[in-house]
Amino acid sequence: MAVPTSFLTFKSKKANLYKLTLTIILCTLFYLIGFYQNSRGSIPLVNQSSAAYAIFSCAPPIRNTTLDFSPHHYIPDPPPVVARVSHLPPCDPQFSEYTPCEDVQRSLKFDRDRLIYRERHCPEKNELLKCRVPAPFGYRVPFRWPVSRDFGWYANVPHKELTVEKKNQNWVRFEGDRFRFPGGGTMFPRGADAYIDDIGKLINLKDGSIRTAIDTGCGVASFGAYLLSRNILTVSFAPRDTHEAQVQFALERGVPALIGVLASIRLPYPSRAFDMAHCSRCLIPWGQYDGLYLIEVDRVLRPGGYWVLSGPPVNWENHWKGWNRSPEDLKAEESTIETVAKSLCWKKLVQKDDLSIWQKPTNHIHCIANRKVYKKPVFCEPQDPDKAWYTKMETCLTPLPEVSDIREVAGGQLAKWPERLTAIPPRISSGSVEGITAEIFTENTELWKGRVAHYKEVDRQLAEQGRYRNLLDMNAYLGGFAAALVDDPVWVMNVVPVEADVNSLGVIYERGLIGTYQNWCEAMSTYPRTYDLIHADSIFSLYKDRCEMEDILLEMDRILRPEGSVIIRDDVDILLKVKRIVDVMQWDARIADHESSAHEREKILFAVKQYWTAPDPNQIHQESETAS
């Protein structure tokens with residue numbers, strides 16, 4: 001029998017109504033149970049969330065935060081195979097005057113002939129110190145220039161040897177807690193000022209034609225210190241420990257100086273760099289080894305430059321007894337020097353009292369002709385005369401650039417100072433520096449004026465007259481940074497890395513500035529705490545994959561004075577790596593935007609080295625006695 005359709009429809013609707021009612025009842029019941037449990041506080045909500053986060057670590061709890069959509073550059077975690085502690089602790093106090101490439105103990109392994117053992121001999125990679133060189137206990141910020149020319153703190157350079165050894169020559173005197181530098185020298189008992197005045201009566205030191213000078217065997221650099229008042233910038237050098245701390249004293253006074261020696265390697269300067277070279281009883285055997293050392297002076301002297309000599313054998317007739325040498329010996333030395341100078345085509349301008357002055361020719365037209373008379377030295381084969389980093393000296397004459405007229409200055413006439421600073425350098429105008437045009441030079445000069453103005457806005461101490469004195473530019477290019485600071489009471493050692501794309505150090509010297517070559521995978525030839533401010537433009541990009549960033553930063557820390565400043569320009573990712581290292585070196589550092597735009601990848605790191613010194617040696621001694 002068939003069931004009516006209307007009955008089936010009614011039955012289906014009734015079943016659905018029962019299900020719906022049952023669902024509502026169950027939901028109400030569960031809700032009431034849950035409400036009852038939560039009202040008793042048995043399971044706090046925050047604990048549930050924390051427990052869930054602990055179990056499901058990939059799903060952190062949702063917090064009410066503002067999302068940051070700005071781009072971020074980050075340093076990826078190093079792979080486990082290179083994980084290590086990067087604490088960089090202080091070195092033992094015995095290293096407070098450590099000069100890695102002129103280490104006294106290491107030098108004893110090398111040939112003592114011709115002072116080769118006093119040349120640069122750098123530690124191997126596995127010998128590098130992974131610690132920070134301390135300042136001696138009691139170290140104080142040096143006197144400000146020009147007071148520093150005459151005074152220095154004893155605690156900063158705790159050596160009295162020269163005050164005894166050179167007592168009668170007025171190099172340096174010890175007075176209470178400080179040294180005084182009277183300006184004397186072995187051959188200028190009346191003082192460096194009077195000595196320079198005597199030179200000025202023989203050649204013109206006032207018209208701006210002489211701007212850069214080199215002082216070989218400089219003592220405490222009083223010659224260079226007193227030339228500064230005449231707008232003549234001198235690179236002074238002497239070997240490590242010939243006299244204890246002489247170069248260190250020079251730098252403490254705020255006078256440009258480097259550790260160096262004439263031995264077998266070229267001086268780290270380009271050809272035709274200096275307007276004047278000077279030797280005052282510097283004890284260099286100028287006439288020996290086929291005139292090798294005078295040949296090197298000739299290489300670094302510009303055409304028309306001067307060589308000034310005082311001390312043995314000049315005026316030997318009146319000094320031979322005091323010099324403890326025989327007249328015959330001194331006369332023979334004088335004759336040898338005269339012969340070598342003539343073979344280099346130098347002209348002896350004058351000899352008066354204790355001074356002799358020669359002048360290099362402005363070109364080599366006559367010198368080429370007289371090779372029939374002077375067979376030696378021969379002219380060097382075609383080579384790069386500016387190549388000077390670990391380059392052996394040769395007994396051949398560096399040829400000057402060719403000229404078409406006897407009156408023409410080889411390489412181009414230099415402008416007089418101060419016009420020389422911004423005039424187009426002859427090396428650029430002649431096209432001899434690849435890729436650098438007059439327009440690029442002018443634009444670079446203006447660029448650095450703006451950048452230095454920005455630095456002074458950020459680093460108020462750079463803007464403060466006298467706060468800084470010794471500055472280092474680790475990658476100077478055309479010397480724009482130094483040129484922008486020319487009116488400030490500072491000097492800048494402009495470094496052109498040997499790895500740089502362009503060898504521009506000759507340009508820097510033609511601007512009337514000073515500098516040196518350097519490989520920053522090695523230590524600089526200077527004492528610790530040499531510089532008040534270090535500027536590094538793209539230095540870590542240049543040395544990426546060449547050596548460890550950490551080692552370069554440790555070298556910067558070694559040569560930077562306590563409370564000195566650092567300015568580093570580089571790609572933001574590189575600067576973040578730098579900051580991670582310097583944060584454990586007791587530097588206060590921050591990264592700022594590029595001066596032109598926050599959107600530039602290049603950023604600027606400003607840092608200050610905190611003041612810290614080696615511990616009190618008396619306290620260490622007492623503690624060791626107590627322990628024993």
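All values derive from a computational prediction rather than experimental measurement.

Cut-offs applied
Residues numbered from 1 in each chain as written. Predicted model: local features only at pLDDT ≥ 70, side-chain atom pairs only at ≥ 80, totals over all residues. Heavy atoms only, no water. Core = buried A, V, L, I, M, F, W, Y, C linked by side-chain atoms within 4.5 Å. Buried < 20%, exposed > 50% of the residue type's maximum accessible area, 1.4 Å probe, protein only. Domains from an automatic or database assignment. Contact = heavy atoms within 4.5 Å. 1 Å grid on protein atoms, 1.4 Å probe; cavity = no way out; pocket = protein on both sides within 12 Å on 5 of 7 lines; lining within 4 Å. Points joined across faces, edges and corners; volume = space filled by probe spheres on them. Helix = DSSP H or I, 4+ residues; strand = E, 2+ residues; numbered from the N terminus. Nonpolar A, V, L, I, M, F, W, Y, C, P; charged D, E, K, R; others polar. Pairing = 2+ DSSP bridges. Axes fitted to C-alpha atoms, helices over the stretch in contact; angles between N-to-C directions. Phe/Tyr/Trp six-rings, centres within 6.5 Å; stacked < 30°, edge-to-face > 60°. Lys NZ or Arg CZ within 6 Å of the ring centre and 35° of its normal. Parallel < 35°, antiparallel > 145°, perpendicular 65-115°, else oblique. Left-handed = near helix turned anticlockwise from the far one by under 90°. Disulfide = S-S within 2.5 Å. Expected span 1.5 Å × (residues − 1). Salt bridge = Lys/Arg side-chain N within 4 Å of Asp/Glu carboxyl O. Lys, Arg positive; Asp, Glu negative; His and termini not counted. Polar contact = N/O pair within 3.5 Å; in protein donor to acceptor, adjacent residues only side chain to side chain. pLDDT = per-residue confidence, 0-100.

(A) Structural context of the nonpolar core. Ranked by size, the top nonpolar core spans 129 residues in total, and within it Met276, Trp286, Trp307, Leu472, Phe540, Leu553 and Met556 carry the most contacts. Each of domain 1 (191–372) and domain 2 (421–609) contributes no fewer than three residues to this core. Not counting chain neighbours up to four residues away, the residues in contact with Leu553 comprise Phe540, Val578, Ile581, Val582, Met585 and Trp587. In this structure, Val157, Leu162, Phe181 and Phe249 belong to the second largest nonpolar core, which totals 9 residues.

(B) Spotlight on empty space enclosed by the protein. Applying the stated criterion across every chain yields a total of 7 cavities of 30 Å³ or more. The calculated volume of the largest cavity comes to roughly 60 Å³. Together, Tyr139, Asn156, Val157, Gln248, Leu251, Glu252, Tyr527, Pro528, Arg529, Thr530 and Arg561 line the largest cavity. No other element matches helix 7 (residues 246–252), which puts 3 residues into the lining of the largest cavity. For the lining of the largest cavity, the residue count by class is 5 nonpolar, 3 polar and 3 charged.

(C) Focus on the sheet that holds strand 4 (residues 212–216). Strands sit in the order 6-5-4-7-8-10-9 across an open sheet of 7 strands; the sheet is mixed. The sheet is open, and its two borders are formed by strand 6 (257–259) and strand 9 (347–352), each paired with just one other strand. Neighbour-to-neighbour, the strand axes of the sheet open up by a mean angle of 20°, direction not taken into account. Across 5 bridges, the pairing between strand 9 and strand 10 (residues 355–359) is antiparallel. Paired with Lys352 across the strands is Leu355, a residue of strand 10. Sheet strands touched by helix 5 (residues 192–200): strand 7 (274–280), strand 8 (301–310) and strand 10. Its angle to strand 10, the strand with the most contacts, is close to 45°.

(D) Expanded view of helix 8 (residues 292–300). Counting buried positions along helix 8 gives 9 out of 9 residues, so the element sits mostly inside the fold. Buried within helix 8 we find Leu292, Tyr293, Leu294, Ile295, Glu296, Val297, Asp298, Arg299 and Val300. As for helix 8, its buried residues are in contact with strand 7, strand 8 and helix 10 (327–343).

(E) How the structure looks around the environment of Ala213. Among the structural elements, Ala213 can be located in strand 4. The exposure class of Ala213 is buried, given its relative accessible area of 1%. Once the C-alpha coordinates of Ala213 and Asp275 are considered, the two residues, 62 residues apart in sequence, prove to be 5.8 Å apart. Those residues in contact with Ala213 that sit more than four places away from it in its chain are Ile232, Leu233, Thr234, Val235, Phe274 and Met276.

(F) Structural view of the packing of aromatic side chains. Using the criterion set out here, one finds 21 aromatic pairs in the structure. Arranged with centres 6.2 Å apart and planes meeting at 55°, the rings of Phe143 and Phe151 form a pair that is tilted. Feature note: the residues Tyr154, Phe174, Phe179, Phe181 and Phe249 constitute an aromatic cluster, connected by ring pairs. The aromatic ring of Trp612 is capped on one face by Arg132, whose charged end is 4.9 Å from the ring centroid. Above the plane of the ring of Tyr154 lies Lys160, whose end atom (NZ or CZ) is 5.3 Å from the centre.

(G) Looking closely at the packing of helix 18 (residues 549–559) against helix 19 (residues 572–582). One way to put it is that helix 18 packs onto helix 19 with a least axis distance of 10 Å and a crossing angle of 60°. In terms of axis orientation, helix 18 runs oblique to helix 19. Crossing hand, helix 18 versus helix 19: right-handed. Here Met549, Glu550 and Leu553 of helix 18 come into contact with helix 19, specifically with Ile574, Lys577, Val578, Ile581 and Val582.

(H) The state of the cysteines, seen in detail. Counted according to the given criterion, the structure contains 6 disulfides. Linked covalently through their sulfurs, Cys101 and Cys122 form a disulfide whose S-S length is 2.0 Å. In this structure the cystine formed by Cys101 and Cys122 twists about its S-S bond by roughly 110°; its chirality is therefore right-handed. On the criterion of sequence distance, the pair formed by Cys101 in the loop between helix 2 (45–55) and helix 3 (104–107) and Cys122 in the loop between helix 3 and strand 1 (151–153) is long-range, its members being 21 residues apart. In terms of burial, Cys101 and Cys122 fall into one category: buried. With its sulfur 2.1 Å from that of its partner, Cys380 forms a disulfide with Cys396. Between Cys380 and Cys396 the sulfur-sulfur dihedral comes to about 95°; the bridge is accordingly right-handed. Taken together, the positions of Cys380 in the loop between helix 11 (365–369) and helix 12 (426–429) and Cys396 in the loop between helix 11 and helix 12 put the pair 16 residues apart, joining distant regions of the chain. The connectivity of the disulfide bonds within the protein can be written as 1-4, 2-3, 5-6, 7-8, 9-10, 11-12, using the sequence rank of each bonded cysteine.

(I) Main features of helix 13 (residues 438–458). With 21 residues, helix 13 extends 31 Å between its outermost C-alpha atoms, agreeing within 8% with the 30 Å of an ideal straight helix rising 1.5 Å per residue. If you check which residues of helix 13 are buried, you get Phe441, Asn444, Thr445, Trp448, Arg451, Val452, His454 and Tyr455. Buried positions along helix 13 lie against helix 12, helix 14 (460–463), helix 15 (480–484), strand 14 (531–537), strand 15 (560–571) and strand 17 (602–609).

(J) Examining the side chain of Asn444 more closely. The topology assignment puts Asn444 in helix 13. Those residues in contact with Asn444 that lie beyond four places of it in its chain are Tyr477, Leu478 and Gly480.

(K) Spatial organisation of the pattern of salt bridges. Under the definition given, this model contains 37 salt bridges. Ionic pairing is found between Arg302 and Asp275, a salt bridge with its closest N-O pair at 2.3 Å. Of this pair, Arg302 sits in strand 8 while Asp275 is found in strand 7, placing the two residues 27 residues apart along the sequence. There is no split in this pair, since Arg302 and Asp275 are both buried. In this structure, the salt-bridge partner of Asp571 is Arg601, at a minimum N-O distance of 2.8 Å. Placement of the pair is Asp571 in strand 15 and Arg601 in the loop between strand 16 (587–592) and strand 17, with a sequence separation of 30 residues. With a relative accessible area of 23%, Asp571 lands in the partly exposed category. In this structure Arg601 comes out as partly exposed when scored by relative accessible area, which is 39%.

(L) Focus on the side chain of Arg511. One can find Arg511 in the loop between helix 16 (505–510) and strand 13 (514–518). Here Arg511 sits buried without a salt bridge, and the closest side chain of opposite charge, Glu446, lies 8.4 Å off (N-O distance). In this structure the side chain of Arg511 is engaged in a polar contact, spanning 3.3 Å, whose partner is the side chain of Thr445.

(M) Main features of the confidence of the model for the protein. Here the protein averages 88 in pLDDT, and 85% of its residues register 70 or above. Long-range and interchain partners of residues 1–11, a stretch whose pLDDT sits below 50, account for 1 contact in this model, where long-range means more than four residues apart. Scored below 50 in pLDDT, residues 38–85 makes 18 contacts in the model with residues more than four places away or belonging to other chains.

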